[in-house]
Amino acid sequence: MSAASGSPAPEHLDVLIIGAGISGIGAGRYLRTELPSKSFAILEARQASGGTWDLFRYPGIRSDSDLHTFGYEFKPWRDEQSIADAPRILSYLRETARENGLDARIRYHHKVLGASWSTDEARWSVDIERTDTGERVRLTAGWLFCAGGYYRYDEGFTPDFPGRDRFTGPVVHPQHWPEDLDYAGKRVVVIGSGATAVTLVPALAATAGHVTMLQRTPTYVLPVPRTDVIANTLKRYLGEKRGHALTRRKNIAQQRLVWSLCQKYPRAARRLIRWVNARQLPKGYAVDVHFNPPYDPWDQRLCAVPDGDLFRSIRTGKASVVTDRIASFTEKGVLLESGRELPADVVITATGLNVQAFGGIRLTVDGREVRLPDTVAYKGMMLSGVPNLSYAIGYTNSSWTLKIGLLCEHFCRLLAHMDAHAYDVCRPEPADPGMPTRPFLDFGAGYIRRAVDSLPRQGDRMPWLTSMDYRDDVKILRSDSVTDPELRFSRAGGAGDLTSRPAVRAGL
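Reference entry: report on the structure contained in this document.

Conventions we followed
- Residues numbered from 1 in each chain as written.
- Predicted model: local features only at pLDDT ≥ 70, side-chain atom pairs only at ≥ 80, totals over all residues.
- Heavy atoms only, no water.
- Helix = DSSP H or I, 4+ residues; strand = E, 2+ residues; numbered from the N terminus.
- Rg over C-alpha atoms; globule rule 2.2 N^0.38 Å.
- Buried < 20%, exposed > 50% of the residue type's maximum accessible area, 1.4 Å probe, protein only.
- Contact = heavy atoms within 4.5 Å.
- Lys, Arg positive; Asp, Glu negative; His and termini not counted.
- Charge placed at Lys NZ, Arg CZ, Asp CG, Glu CD.
- Pairing = 2+ DSSP bridges.
- Axes fitted to C-alpha atoms, helices over the stretch in contact; angles between N-to-C directions.
- Core = buried A, V, L, I, M, F, W, Y, C linked by side-chain atoms within 4.5 Å.
- Salt bridge = Lys/Arg side-chain N within 4 Å of Asp/Glu carboxyl O.
- Expected span 1.5 Å × (residues − 1).
- Polar contact = N/O pair within 3.5 Å; in protein donor to acceptor, adjacent residues only side chain to side chain.
- Arc of directions from axis to C-beta.

**With respect to the overall build of the protein**
- Each helix and strand counted, the protein has 13 helices and 28 strands in total.
- Its C-alpha atoms give the protein a radius of gyration of 24 Å, within 12% of the compact-globule value 23 Å for 508 residues.
- Scored against the burial criterion, the 508 residues of the protein give a buried share of 52%.
- Taking the intrachain contacts of the protein between residues at least 6 apart in sequence as the baseline, contacts between residues at least 24 apart amount to 70%.
- Measuring between centres, the 66 positive side-chain charges of the protein sit 5 Å from its 57 negative side-chain charges.

Given below as structure tokens:
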């Protein structure tokens, strides 16, 4: 029923942020400090903030990036641990929300089902389901900021393993870790070789009888210090703020150097990683069987293991690695294609994530459904033909949050520019509709390959490229103007596209 027929008009906000994880909390802080007059709310489908760091409960869960870069630029990371476990990260995120007055802005149990854009009204109508009561709610907003990441929160990815129902023990995906799972003294098989698997194996090995990491393909694994001695020294002598800033610059440069060297000299990088692995493993260990991937370093993400804990578990005999393919499950374990059977009391399927862009929200623009594969990403933060919508996708080759901060800054500058010129609508449109495109994320991970055809595309030139280089993004998102010939501005009421004009003051 419309407002005209007696029902109250939906609540209207300037910005709706979808997701109360690390990106959504960051976006809320930037909005509150840079544009304090803007009304906004953060919608969270779950009952708690923190996103990934509250959802995942498996043993040992931690970051695989240092928190001086994975954390926010505006809030120093105070903990001694640089590679930190989930409870520490969650505490940091919730402290950020409290310090910036965001707790009152977060609306829990609000799952966004769909959003429809009206050009005439220059606003989004957003349909929401209350996950605690089943009630349907509608809000309107001038802008949507999608901060929910790119994977499904309700289910992980598990391949169809033949004979799985025959296995008499529990089969658990890390995304749905049961609190009462008993693995003490038992034989555990962890299927997978990515970041989750290399985190789980040493954590489980502390109390399990034995843990076997069963992998189809090896992954590049590097030991890193859990504690950053230089960072802690800088903070001690220069203070938190300056020490954090210098550590952040150091670690950004270090990440970029490692990635660049791997891209430029992949054979040398492969040899170096192998040498490091061999020094961490028992003498005579089959390094080339279990730690020598068929692809080059950084074609997929490198796995960091703090203080070499995975290698330590292998050295002590508490854990082992098997590289083979699964033929089928059996009643008491896993049968491999080689004919070997791995006995198991518990099987953990650390087999990855299911990618879901924008939380699976159905988007329409003036009655026409938005098909993501038909859109092109603008500056890695907006979609062609979709007005007043921004999203937060971080880096795949360094700390995720490095890009989120730059995106949030740019987003706030863009809104300030629109206010200065009385614009209501902002819509990216390629000047050349026939511009060549390629996948949104050029990344070899299985969870990306499985979903690439359902994601937006990127172009062959700026501003239609999705940069994965922090230094380039500092120029594009922080230093350059928010205006662009292919970013169309207009006013509500059918004023039509207006030529993008230079900003009225520096920085806009």
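**Notes on the environment of Leu102**
- Along the polypeptide, Leu102 turns up in the loop between helix H4 (86-99) and strand S3 (106-108).
- The exposure class assigned to Leu102 is buried, which follows from its relative accessible area of 0%.
- Distance from Leu102 to Arg271, taken between C-alpha atoms, is 48 Å for residues 169 residues apart in sequence.
- When residues no more than four places from it in sequence are discounted, the contact partners of Leu102 are Ile25, Gly28, Arg29, Arg32, Phe40 and Ala97.

**Topic: the pairing of strand S15 (residues 333-336)**
- In terms of strand pairing, strand S14 (residues 326-330) meets S15 through 4 bridges, oriented antiparallel. Bridge assignment links Ser328 to a residue of S15, and that residue is Leu335.
- Taken together, S14 and the strand that follows it, S15, pair antiparallel across an intervening segment of 2 residues.
- Pairing geometry for S15 and strand S16 (residues 341-343), over 3 bridges, is antiparallel. Opposite Gly333, over in S16, you have Pro343 as the bridge partner.

**Description of the sheet that holds strand S17 (residues 346-349)**
- With respect to topology, 5 strands assemble into an open sheet ordered S8-S17-S9-S10-S13, the strand pairing being parallel. Among the strands making up the open sheet, the edge pair consists of strand S8 (171-172) and strand S13 (319-323).
- Where S8 and S17 come together, 2 bridges link them in parallel fashion. Counted as the bridge partner of Val172 is Ile348 from S17.
- Set on the sheet, helix H5 (residues 195-205) makes contact with strand S9 (187-191), strand S10 (210-215), S13 and S17; between it and S10 the angle comes to about 165°.

**Let's talk about the nonpolar core**
- In terms of nonpolar packing, the biggest core is built from 127 residues, with Trp124 and Ile348 touching the most fellow members.
- Sort the elements by how many residues they give to this core and helix H11 (residues 400-420) lands first, with 12 residues.
- In contact with Ile348, other than residues within four places in its own chain, are Val172, Pro174, Trp177, Leu181, Val188, Val189, Val190, Ile191, Leu200 and Leu204.
- By size, the runner-up hydrophobic cluster in this structure holds 13 residues, among which are Ile191, Val334, Leu342 and Ala344.

**Let's talk about the side chain of Lys38**
- Residue position: Lys38 is located in the loop between helix H1 (22-34) and strand S2 (40-44).
- In contact with Lys38, not counting residues within four places along its chain, are Asp14, Arg105, Leu415 and Asp419.

**Some remarks on the pattern of salt bridges**
- For the structure on display, the rule yields 29 salt bridges.
- We note a salt bridge from Arg78 to Glu240, for which the minimum N-O separation is 2.9 Å. Here Glu240 lies in helix H7 (residues 240-264) and Arg78 lies in the loop between helix H3 (67-70) and H4, a separation of 162 residues in the sequence.
- Arg78 gets classed as partly exposed once you look at its relative accessible area, which sits at 43%.

**So, H7**
- For H7, spanning 25 residues, the distance from its first C-alpha to its last is 35 Å, which sits close to the expected 36 Å at 1.5 Å a residue.
- Within H7, burial applies to Gly243, His244, Thr247, Arg248, Asn251, Ile252, Gln255 and Cys262.
- Among the structural elements, H3, helix H6 (229-238), helix H8 (266-280), H11 and helix H13 (470-479) are those in contact with the buried residues of H7.

**Considerations on the side chain of His173**
- Here His173 is to be found in the loop between S8 and S9.
- Of the polar contacts made by the side chain of His173, one reaches the backbone nitrogen of Gln175; its length is 3.0 Å.
- Of the polar contacts made by the side chain of His173, one reaches the backbone oxygen of Gly352; its length is 3.0 Å.
- For His173, the residues in contact, after removing those within four places along its chain, are Gly156, Phe157, Thr158, Thr349, Thr351 and Gly352.

**A look at the environment of Asp324**
- In this fold, Asp324 is placed in the loop between S13 and S14.
- Separated by 16 residues in the primary sequence, Asp324 and Arg340 have C-alpha atoms spaced 9.4 Å apart.
- Separated by 2.6 Å, the side chains of Asp324 and Ser338 make a polar contact.

**Side note on unusual backbone geometry**
- Here the bond from Met462 into Pro463 is cis, since omega is 5°, no more than 30 degrees from zero.
- Inspection of the secondary structure assignment puts Pro463 in the loop between strand S26 (457-458) and H13.
- For His109, which is not a glycine, the phi torsion comes out positive at approximately 60°.
- By the element assignment, His109 lies in the loop between S3 and strand S4 (110-118).
- A relative accessible area of 22% means that His109 is categorised as partly exposed.

**Concerning H13**
- Listed in full, the buried residues belonging to H13 are Tyr470, Asp473, Ile476 and Leu477. Looking straight down H13, one finds its buried side chains confined to an arc of 125°; they lie on one side. What points out from H13, more than 90 degrees from its buried face, is the exposed set Arg471 and Ser479.
- In this structure, the buried residues of H13 make contact with H7 and H11.
- Sitting at the head of H13, Asp469 places a side-chain oxygen 2.9 Å from the backbone nitrogen of Arg471.

**Focus: the sheet that holds S14**
- The strand order across the open sheet built from 3 strands is S14-S15-S16, with neighbouring strands paired in antiparallel fashion. Here the strands that pair on one side only, and so sit at the sheet edges, are S14 and S16. Adjacent strand axes in the sheet meet at a mean angle of 20°, parallel and antiparallel pairs treated alike.

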